[in-house]
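Now for the letters of each chain:
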Amino acid sequence: MRNGARAKLRTFFLANVGKVLGWEELREVAGGITEWGRRVRELRTEEGFQILTNNDRSDLKPGQYLLEDPKPIPAFERAISKETRSLVLDRNGFTCQMCGAVAGEPHPYDPSRKTRLHIGHIVDKSMHGSDDYSNLRAICSVCNEGAKNLTQDRPSAAKLLVQVRRAQTVDQQKVLEWLITKFPNQAVELLHKRGQDIK
Ligand SMILES: [Zn+2]
């Protein structure tokens, strides 16, 4: 029955995204159990749903709850301490490191939304990037969700090469390192081919 109450609350919150909900209706949804508050907390802490209370937003009254964004915070981000989070946001000037949107201001790509910042990886986990402070950056929810939608704007090889040619050697070598990590087999193949050409 315990998970049943949590599941019912989850469904209810997801059906009422953006609406302020009162504790009386939440208790009723949970079947009137006394620990409905604990189940709501579990949705926040264990599942990563950003259910806001008057601790998060001053315009909410005590006993009011609001799920603004149906997308839960990923597990790695939940594991980041508040200190690390605020250090990263502070270092990045509370600005999305992909599009430059500023926290709390209308989003430049979608002015109907206020910019909310998440913590993301600089070098992706799939590329062996760590959860360390130095590998984290501020990223807005639009860029976070829409990385796929932005692919139309990907720069061409010609444009990239102009940038790389202008860069300092140390930065060019960083690009090289990144490419080798990303395409190890192709790197070996190219080197092999090159060796044969020289012979
Ligand atoms: Zn952004």
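As a starting point, this report considers the structure included with it. (Residues numbered from 1 in each chain as written. Predicted model: local features only at pLDDT ≥ 70, side-chain atom pairs only at ≥ 80, totals over all residues. Heavy atoms only, no water.)

## Description of the layout of surface pockets
The condition that has to hold: Any residue with an atom within 4 Å of a point lines the site, the site being either a cavity, points on a 1 Å grid over the protein atoms alone where a 1.4 Å probe fits but cannot get out, or a pocket, an open set with protein on both sides within 12 Å along at least 5 of 7 lines. Grid points are joined across faces, edges and corners, and a volume is the space filled by probe spheres set on the points. For the purposes of this entry, the term helix denotes a DSSP run of H or I that reaches at least four residues, the term strand denotes a run of E that reaches at least two, and both are numbered from the N terminus. Any residue outside Ala, Val, Leu, Ile, Met, Phe, Trp, Tyr, Cys, Pro, Asp, Glu, Lys and Arg is labelled polar, Gly included; the first ten of those are nonpolar and the last four are charged.
The space that makes up the second largest pocket amounts to roughly 1,200 Å³. For the lining of the second largest pocket, the secondary structure elements donating two or more residues are helix 3 (36-45), strand 2 (51-52), helix 4 (75-79), helix 5 (82-91) and strand 4 (117-121). Here the residues of the lining of the second largest pocket sort into 10 nonpolar, 9 polar and 12 charged.

## Here we look at the nonpolar core
This is how the line gets drawn: By nonpolar core we mean a set of buried residues, namely Ala, Val, Leu, Ile, Met, Phe, Trp, Tyr and Cys, connected to one another through side-chain atoms within 4.5 Å. Partly exposed describes any residue whose relative accessible area lies between the buried limit of under 20% and the exposed limit of over 50%, with all areas from a 1.4 Å probe on protein chains only and scaled to the type maximum. Contacts: residue pairs with any heavy atoms within 4.5 Å of one another.
Core analysis: the largest hydrophobic core is formed by 15 residues, its most contacted members being Cys96, Cys99, Leu117, Ile119, Leu136, Cys140 and Cys143. Elements supplying a minimum of two residues to this core: helix 5, strand 4, strand 5 (136-140) and helix 6 (141-146). Excluding anything up to four places from it in sequence, Leu136 contacts Phe76, Ile80, Thr84, Val88, Arg91, Ile119, Gly120, His121, Ile122 and Asp131.

## Overview of the pattern of salt bridges
Which entries qualify depends on this criterion: The working definition used for a salt bridge is a side-chain nitrogen of Lys or Arg within 4 Å of a carboxyl oxygen of Asp or Glu.
Scanning the model with the defined rule gives 9 salt bridges in all. Note that Arg6 is salt-bridged to Glu47, the shortest N-O span being 2.7 Å. Here Arg6 is found in helix 1 (residues 2-15), whereas its partner Glu47 is found in the loop between helix 3 and strand 2, with 41 residues between them in sequence. Across this residue pair, the class does not change: Arg6 and Glu47 are buried. A salt bridge links Glu47 to Arg10, with the nearest nitrogen and oxygen atoms 2.7 Å apart. Of the two residues, Glu47 sits in the loop between helix 3 and strand 2 while Arg10 sits in helix 1, which places them 37 residues apart along the sequence.

## Here we look at the coordination of the zinc ion
Applied cut-off: Any nitrogen, oxygen or sulfur atom within 2.8 Å of a metal ion counts as a donor, with the limit raised to 3.2 Å for Na, K and Ca, and since water is left out, coordination shells can look unfinished. Irregular is the label for any site that misses the other tests, which are tetrahedral for four donors with all angles between 85 and 135 degrees, and square planar for four donors or octahedral for six when opposite donors exceed 155 degrees and the remaining angles lie between 65 and 115.
Distances from the zinc ion to its protein donors, Cys96 (SG), Cys99 (SG), Cys140 (SG) and Cys143 (SG), fall within 2.3 to 2.4 Å. Considering all 4 donor atoms around the zinc ion, the spread of angles at the metal, 106 to 113 degrees, places the coordination shape in the tetrahedral class. In primary-sequence terms, the residues that donate to the zinc ion follow C-x2-C-x40-C-x2-C. For the pair shown, Cys140 and Cys143 are each scored as buried.

## Here's the deal with the pairing of strand 4
We count it as follows: We treat two strands as partners when DSSP finds at least two bridges between them.
Burial within strand 4 is extensive, with 5 of its 5 residues counted as buried. Of the two faces of strand 4, the one carrying Leu117, Ile119 and His121 and the one carrying His118 and Gly120 are both buried. Alignment of strand 4 against strand 5, held across 5 bridges, turns out to be antiparallel. In the strand pairing of strand 5, His118 is matched with Ile139.

## Brief notes about the packing of aromatic side chains
Aromatic ring pairs are reported here in terms of the distance separating the ring centres and the angle at which the planes meet. Here is the rule: Only rings of Phe, Tyr and Trp enter the pairing, Trp through its six-membered ring, and a pair is recorded when the two centres are within 6.5 Å. The plane angle decides the type: under 30 degrees is stacked, over 60 is edge-to-face, the rest tilted. Look at NZ for Lys and CZ for Arg. If either is within 6 Å of the ring centre and within 35 degrees of the ring normal, a charge sits over the ring.
By the definition in use, this model includes 2 aromatic pairs. Plain terms: the ring middles of Trp23 and Trp36 are 6.2 Å apart, the flat faces sit at 15 degrees to each other, and that makes the pair stacked. Highlighted residues: Trp23 in helix 2 (residues 23-29) and Trp36 in helix 3, separated in sequence by 13 residues. Its relative accessible area of 33% is what places Trp23 among the partly exposed residues. When the ring of Trp36 is compared with that of Tyr65, the centres are 5.9 Å apart and the planes differ by 80 degrees; the resulting orientation is edge-to-face. You can see Trp36 sitting in helix 3 and its partner Tyr65 sitting in strand 3 (residues 64-67), a full 29 residues away along the chain. Each of the two residues, Trp36 as well as Tyr65, counts as buried. Taken together, the ring pairs in this structure connect Trp23, Trp36 and Tyr65 into an aromatic cluster. Seen from the ring of Tyr133, Arg91 lies directly overhead, with NZ or CZ sitting 4.6 Å from the centre.

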